[in-house]
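A closer look at the structure
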Amino acid sequence: MASDKVYIFDTTLRDGEQVPGCKLNTPEKVEIALKLEQLGVDIIEAGFPISSPGDFKSVEEICKAVNDPIVCGLSRAVMKDIEVAGDALKFAKRPRIHTGIGTSDSHVQYKLRTTREKIIERTVAAVKHAKRFVEDVEFYAEDAGRTDNEFLAKVCEAAIKAGATVLNIPDTTGYCLPEEYGAKIKYLKEHVKGIHKAIISTHCHNDLGLATANSIAGVSNGARQIECTINGIGERAGNTSLEEVVMIMKQHPRLNLDTGINTKMLKSLSSLVSDRMGMVVQANKAIVGENAFAHSSGIHQDGVIKKRETYEIMDPADVGVDKSSIVLTARSGRAALAFRCKEIGINLTKVELDKLYPEFLKMADTKKEIDDKDLMIICERMGLFVNAITL
Ligand code: KIV
Ligand code: ZN
């Protein structure tokens, strides 16, 4: 059976850029947008045009620069916001306005100080107004994660009737459990009249480390768009990480979902975003972290050297990482030592390896990691370098 397409909506340049200290200028945003286009994302959320003249300009320039992806501009359910977003998107080949309003009791009562009836009225007015500028209108129900499903369904129904093409169901505060979020999407699929006319989108924040799991629960229950960012950057603990959801769908064919993303670009795009934003990627970050394909304990190293798949569920080449690395530390075993010596041109005999190993451990206990230079030094000290070269 052919797999179902899941649209990848990248919001690195909007939600991602909300990270304190990560602001980008227009040329940097255009550079990243062009790479996102090559990566094969379906939608680029380029910014929040009314928020500043700089952001307006960036959205305009991104619209001019990219050809294939839809370019999306964010707005609140406020007429002026929508007009400015429409204006910023005027050069887009495929423009989309993303408009919406809070729907949880907390948003309705405290942030907006209004009523549920008024929220529905504002939903309809915002979507209808956005339709005057573009055909493609995405509606977000902010804090949908904490909104009761019955009311959320009413809001979604009203948005679709007004012309929304995509319904975004954000877990704005990252509160939902995966089964809860999945059940919410299922509920909407089953209870919203006209739901077949719109695509349901996930937009999950990572406050409890569940953004990726929640997004996957969403698509497993019928959502067909995931909103995500490179390296999972975004407000507070961040958004769903693009590289994680894409690789989950690739590595689990039984989900029968496909994104069409050029996964070989994931590592380089991660490095580009990290560099331009000045935001370090944690070493143990899934898929793109420095240690994602590094093995340092003796038991794992032995397994990987014999057969990579013993401890790796992905081929590093598939995400643009050259190869797995065998890191030498005081936890490494003989197999790893012999492997790394071979990599620097020293083929050890069993006797030589037995002689070298205790010396290696002595040095490894004094250092975090043994690099090639250290290795040469110990080998030379043991008189092994010359012997090995002449082997
Ligand atoms: O997290 C959120 O609810 C958002 C919306 C503005 C889409 O970012
Ligand atoms: Zn968000």
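Numbering of residues starts from 1 in each chain and follows the order in which that chain's sequence is written. Whichever chain is written first is A, and whichever ligand is written first is 1; the rest continue in order. At least 70 in pLDDT is required for a residue's local features to be given in this predicted model, at least 80 for side-chain atom pairs to be given and counted, and no such filter applies to totals for whole chains, interfaces and linings, which use all residues. Neither water nor hydrogens contribute to the side-chain values; these are computed over all heavy atoms in the structure.

**Section: the side chain of Arg96**
Helix and strand definitions here come from DSSP, where helices need a minimum of 4 consecutive H or I residues and strands a minimum of 2 consecutive E residues; each element is numbered from the N-terminal end. When you line up the elements, Arg96 lands in strand β5 (residues 95-102). Only protein chains enter the calculation, and the probe is 1.4 Å; a residue is then buried if its accessible area is under 20% of its type maximum, exposed if over 50%, and partly exposed in between. With relative accessibility at 4%, the residue Arg96 sits in the buried group.

**Brief notes about the domain arrangement of the protein**
A domain assignment, automatic or from a database, supplies the domain bounds used here. Assigned domains of the protein: these are domain 1 (4-277) and domain 2 (294-381). A straight line from the C-alpha centre of domain 1 to that of domain 2 covers 44 Å. Across the boundary between the two partners, domain 1 contributes 7 residues, which contact 7 residues of domain 2. When domain 1 packs against domain 2, the two sides together hide about 580 Å² of surface, and 56% of this comes from carbon and sulfur. Of all residues in domain 1, Gln251, Lys264 and Lys267 give up the largest surface area on contact with domain 2, accounting jointly for 64% of the area buried on that side. Criterion for a salt bridge: a side-chain nitrogen of Lys or Arg within 4 Å of a carboxyl oxygen of Asp or Glu. Counting across the domain 1 and domain 2 interface gives 1 salt bridge. Two residues form a contact once any of their heavy atoms are found within 4.5 Å. What counts as buried area is the accessible surface, traced by a 1.4 Å probe, that two parts surrender upon association, with contributions from both included.

**Structural notes on the packing of helix α12 (residues 334-343) against helix α13 (residues 350-364)**
Packed helix pairs are characterised by how far apart their axes lie and by the angle those axes make with each other. Each axis is a line fitted through C-alpha atoms, taken for helices only over the stretch in contact, and angles between the N-to-C directions span 0 to 180 degrees. Where α12 contacts α13, the axes come no closer than 10 Å and their chain directions differ by 100°. Here α13 runs roughly perpendicular to α12, going by the angle between their axes. Here Arg334, Leu337, Ala338 and Cys341 of α12 lie close against α13, whose contacting residues are Leu353, Asp354, Leu356, Tyr357 and Phe360. Nonpolar residues are Ala, Val, Leu, Ile, Met, Phe, Trp, Tyr, Cys and Pro. Charged residues are Asp, Glu, Lys and Arg, and all others, Gly as well, are polar. Considered class by class, the residues forming the contact of α12 with α13 number 7 nonpolar, no polar and 2 charged. Here roughly perpendicular refers to angles of 65 to 115 degrees, roughly parallel to angles under 35, roughly antiparallel to angles over 145, and oblique to all remaining angles.

**Regarding the environment of Gly86**
Its place among the elements puts Gly86 in helix α3 (residues 79-88). On the basis of relative accessible area, Gly86 is assigned to the buried category, the value being 11%. Separated by 45 residues in sequence, Gly86 and Lys131 have C-alpha atoms that sit 9.5 Å apart. In this structure Gly86 touches Ile97 and Phe133, once residues within four positions along its chain are discounted.

**Some points on the sheet that holds strand β6 (residues 136-142)**
Sheet strands associate in pairs through backbone hydrogen bonding, adopting either a parallel or an antiparallel arrangement. Within the closed barrel, the 8 strands sit side by side as β2-β3-β4-β5-β6-β7-β8-β9. Their pairing is parallel. Each strand axis lies, on average, 25° off the axis of its neighbour in the sheet, ignoring direction. Note on pairing: two strands pair once DSSP finds at least 2 bridges between them. Looking at chain direction, strand β3 (residues 43-47) and strand β4 (residues 70-76) are connected through 4 bridges and run parallel. Bridge pairing in β4 links Ile44 to Val71. Here α3 sits on the sheet and contacts β4 and β5; the angle it forms with β4, its principal contact strand, is near 160°.

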